[in-house]
Amino acid sequence: MKKTILYKTLFFCWAILALTGCDLDLQKNYDYEPSVDDPYVKVTAWEYFQDHKDMFSEMIAAIEYTGLKDYYTQTDNKYTFLALNNTAMQLYRDNEFPGMASITDCDKGRVADLLLYHIVDGEYSSYGQLQVEPMFVLTMLKGENGLMTMSVWKNPWQAAVGKILVNQTGSNGKSPQRQAKTSNIMPTNGVIHIFENYCKYSK
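Residues numbered from 1 in each chain as written. Predicted model: local features only at pLDDT ≥ 70, side-chain atom pairs only at ≥ 80, totals over all residues. Heavy atoms only, no water.

Under an unreviewed UniProt entry, the protein chain has the name Fasciclin domain-containing protein and belongs to Bacteroides zhangwenhongii.

Written out as structure tokens, the structure reads:
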């Protein structure tokens, strides 16, 4: 008896919901208009870093400390800036200068070499300049320690498709492979790829 009453009650509630829902308008057609984020930021690399100080405060301090600001502010040449966020800069300090609390406490020449290695002569993005196969590029760090390869990740089954790879495993001695967290930001003086770990050449 109780089950019968329960079933009738549920049926009654369902019927009310069904009837009240009949007054709803049919969903209108919607034309989907796809769009892509504009990669062009219309500022120099230096201005971009200044606009994102929460992410690049340590790199900004390193640039000012070493006197290399002109690379990031000039507009006569196109450079590829491998931007190191605060996580990457802290890893650099922890690994290369253990115990140092600030980048300005580290050896200035070595910090300059770090930054110069992360500036590539020319504009390299995944918009045609880079291929799946690693290619050697010219960094601003002269000599053997300036050797670097770059490529673009284009495996369609990976979420990282289109991301930039530096020193892909086996392409440049024993250099550790690094993958950009964010790729293809286009300031007025080149292209920026953001990394959470620093790049370096190892034989």
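**Q** What is the right way to look at the pattern of salt bridges in this model?
**A** Think of it this way: side chains of opposite charge can pair up when their charged atoms draw near. One pass over the full model with this rule turns up five salt bridges. Lys203 is paired through a salt bridge with Glu144; the nearest N and O atoms lie 3.5 Å apart. Of this pair, Lys203 sits in the segment after β8 (190-195) while Glu144 sits in the loop between β3 (135-138) and β4 (147-152), and the two are 59 residues apart along the sequence. Judged by relative accessible area, Glu144 falls into the partly exposed class, the value being 42%. Through salt bridges with shared partners, one network takes in Glu96, Arg110 and Lys200. (Salt bridge = Lys/Arg side-chain N within 4 Å of Asp/Glu carboxyl O. Helix = DSSP H or I, 4+ residues; strand = E, 2+ residues; numbered from the N terminus. Buried < 20%, exposed > 50% of the residue type's maximum accessible area, 1.4 Å probe, protein only.)

**Q** When you look at the confidence of the model for the protein chain in this model, what are you seeing that I'm missing?
**A** Parts of the prediction with low pLDDT should not have their coordinates interpreted in detail. In the predicted model, the protein chain carries a mean pLDDT of 87, and the fraction of residues at 70 or more is 78%. Note that pLDDT drops below 50 for residues 32-36; the model gives that stretch zero contacts with residues more than four away or on any other chain. (pLDDT = per-residue confidence, 0-100. Contact = heavy atoms within 4.5 Å.)

**Q** Would you take a moment to explain the sheet that holds β8 for this structure?
**A** Within a sheet, neighbouring strands are paired by backbone hydrogen bonds and run either parallel or antiparallel to one another. Within the open sheet, the four strands sit side by side as β2-β1-β8-β7. Their pairing is mixed. Edge positions in the open sheet fall to β2 (119-121) and β7 (182-185), since each of these has one partner strand only. The sheet shows a mean angle of 15° between the axes of neighbouring strands, taken without regard to direction. With six bridges joining them, strand β1 (residues 79-84) and β8 adopt parallel strand pairing. Within β8, the residue paired with Leu84 across the bridge is Phe195. (Pairing = 2+ DSSP bridges. Axes fitted to C-alpha atoms, helices over the stretch in contact; angles between N-to-C directions.)

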